[in-house]
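# Summary of structural features
Take a look at the letters that make up each chain.
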Amino acid sequence: MPKLSPRDIRRKIQGIKNTRRITNAMKVVSAAKLRKAQEAIYASRPYSERLYEVLAHLSAHVDMSEHPLLEVREERKVDIILITADRGLAGAFNSNVTKKAEELIAEKSQNGIEVSLILIGRKGVQYFQKRSWKILKSYEEVFRKEINFDVVKEVGELVRQRYQNKETDGVYLINNEMITRASYKPVVRRFLPFERIEQKEQDYSSYEFEVDAETFINKLIDLYLNYQLYRAMLESNAAEHFARMVAMDNATRNADELVRTWTLIFNKARQESITYELVDIVNAVEAMK
């Protein structure tokens, strides 16, 4: 590496400072978006959990054969819904969740199960387009502004029809989820069929329908599918902002450290340059005597 002049080092320090301003601004923006996203997920969780509980209990009181989405079958084909981000610069956010998806794909494939993918988020689409796995549907630019609920409804209807028509025997949902306000991790959930709650002796819950039971349950299932998927996208969105905030904070700290390091190098180079100039002056004076 050629030796840098003080002027070159000064330019390098200025470039690092410019990068630091960008990363710090991105950290501030992500922190603001994170607060809003966390409010959305904490507001959605109670409704989502109660909806699942009602549907799971309800499935124990109906004829399973009348509702194909409640039927449990041996897995020969499965669909995996993978939610990633549309953008990078978020540390290991996207790589962790794609790794989790690859682990599930490998597990199913080793058991002779055919796997199809439904990809939500540009990073997941870019990653799996380069692989040999079957992609049923892909969605990009989903998280740029507000979460696109049309995507939620379309994916919900797709997996519902595929399971009802026995084109798939199971649907799994993989996304990053906020565990606490300061941590997240990738999670895998079985989306279809629903997991039934075992009845206890003390459980005397019963349901009376004022409308046709099948119509009611189908509507409830539609609502469940859409809302659970919507919640997963909310969770992923919040986790993305948190991951980006942390990544940009680390980048800003690294930039501060680089500025300090290169400032020391600049000071040494400047002192060295001054020393050489003094030596030249002394030598010139001596030569004139």
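In short, a report on the structure. No experiment lies behind these values; they were computed from the predicted model shown. Per-chain numbering applies: the sequence of each chain, read as written, is numbered from 1 onward. With the structure being a predicted model, the display of local features is reserved for residues of pLDDT at least 70 and the display and counting of side-chain atom pairs for 80 or more, all residues being used for whole-chain, interface and lining totals. Water and hydrogen atoms play no part in the side-chain values, which are based on all heavy atoms of the structure.

### Quick word on the layout of surface pockets
A probe matching the size of a water molecule, rolled over the atoms, marks out where space remains unfilled. In this analysis a 1.4 Å probe is tested at points of a 1 Å grid over the protein atoms alone, and where it fits but cannot get out there is a cavity; an open set with protein on both sides within 12 Å along at least five of seven lines is a pocket; lining residues have an atom within 4 Å of a point. Grid points are joined across faces, edges and corners, and a volume is the space filled by probe spheres set on the points. In this structure, the largest pocket spans a volume of roughly 410 Å³. Taken together, 16 residues make up the lining of the largest pocket; nearest its centre are F143, K145, E146, N237 and H241. Strands are runs of DSSP state E lasting at least two residues, helices are runs of H or I lasting at least four, and both sets are numbered from the N terminus onward. Every element with two or more residues in the lining of the largest pocket is listed here: α1 (6–59) and α5 (213–288). Among the elements that line the lining of the largest pocket, the one with the most residues is α5, at five residues. Its residues assigned to classes, the lining of the largest pocket shows six nonpolar, two polar and eight charged. Considered as a void within the structure, the second largest pocket measures approximately 320 Å³ in volume. When contributions to the lining of the second largest pocket are tallied by element, the ones reaching two or more residues are α1, β4 (170–180), β5 (183–192) and α5. Charged means Asp, Glu, Lys or Arg here, nonpolar means Ala, Val, Leu, Ile, Met, Phe, Trp, Tyr, Cys or Pro, and polar covers whatever is left, Gly included.

### Describing the side chain of N176
By the secondary structure assignment, N176 is in strand β4. Here N176 falls in the buried class, since its relative accessible area comes to 0%. For the purposes of these results, a polar contact is taken to be a pair of N or O atoms within 3.5 Å, where, inside protein, one atom must be able to donate a hydrogen and its partner to accept one; residues adjacent in sequence count only when each atom of the pair is a side-chain atom. Here F93 takes part through its backbone oxygen, which lies 3.0 Å from a polar atom of the side chain of N176. Whether two residues touch is decided by their heavy atoms; if any such pair falls within 4.5 Å, the residues are in contact. Each residue touching N176, except ones within four places of it in the same chain, is listed here: F93, V97, Y184, K185, P186, E235, S236 and A239. Three labels apply to residues, based on accessible area from a 1.4 Å probe with only protein chains included: buried if under 20% of the type maximum, exposed if over 50%, partly exposed otherwise in between.

### Some thoughts on the pattern of salt bridges
A side-chain nitrogen of Lys or Arg and a carboxyl oxygen of Asp or Glu constitute a salt bridge if their distance falls within 4 Å. Under the criterion given, the structure shown has 20 salt bridges. For K134, the salt bridge is made with E114, and the minimal N-O distance between the two is 4.0 Å. A residue pair is termed long-range when its members are at least 10 positions apart, and K134 in strand β3 (residues 134–139) and E114 in strand β2 (residues 114–120) qualify at 20 residues. Classification of K134 by relative accessible area gives partly exposed; the value is 42%. Here the residues in one salt-bridge network are R45, E49, R231 and E235, joined through shared partners.

### Quick word on helix α2 (residues 93–110)
Expected helix span is taken as 1.5 Å per residue step, with the number of steps being one fewer than the number of residues. Taking 1.5 Å as the rise per residue, α2 with 18 residues should run 26 Å; its terminal C-alpha atoms sit 27 Å apart, in good agreement. Taken together, the buried positions of α2 are F93, N94, V97, T98, A101, L104, I105 and K108. Each buried residue of α2 lies within a common arc of 120 degrees when the element is viewed along its axis, so the set occupies one face. Turned more than 90 degrees away from the buried face of α2 sit K99 and Q110, all of them exposed. Where α2 ends, the next residue or the one after it, G112, has phi of about 75 degrees, a positive value. Of all possible arcs, the one meant is that of the directions from the helix axis to the C-beta atoms.

### As for the environment of K27
Along the polypeptide, K27 turns up in helix α1. Since its relative accessible area comes to 21%, K27 is described here as partly exposed. Sequence spacing of K27 and M248 is 221 residues, and the spatial spacing of their C-alpha atoms is 5.2 Å. Ignoring any residue separated from it by four or fewer positions in sequence, one finds K27 in contact with M245, M248 and D249.

### Notes on the sheet that holds β4
Spatially, five strands are ordered β3-β2-β1-β4-β5 in an open sheet, and the strand pairing comes out mixed. Looking at strand neighbours, the two that pair on one side only are β3 and β5, the edges of this open sheet. The mean inter-strand angle of the sheet, taken between neighbouring strand axes irrespective of direction, is 20 degrees. By the convention used here, strands pair only if DSSP detects at least 2 bridges between them. To define axes, lines are fitted to C-alpha atoms, for helices over the stretch in contact only, and angles between the resulting N-to-C directions are given on a 0 to 180 degree scale.

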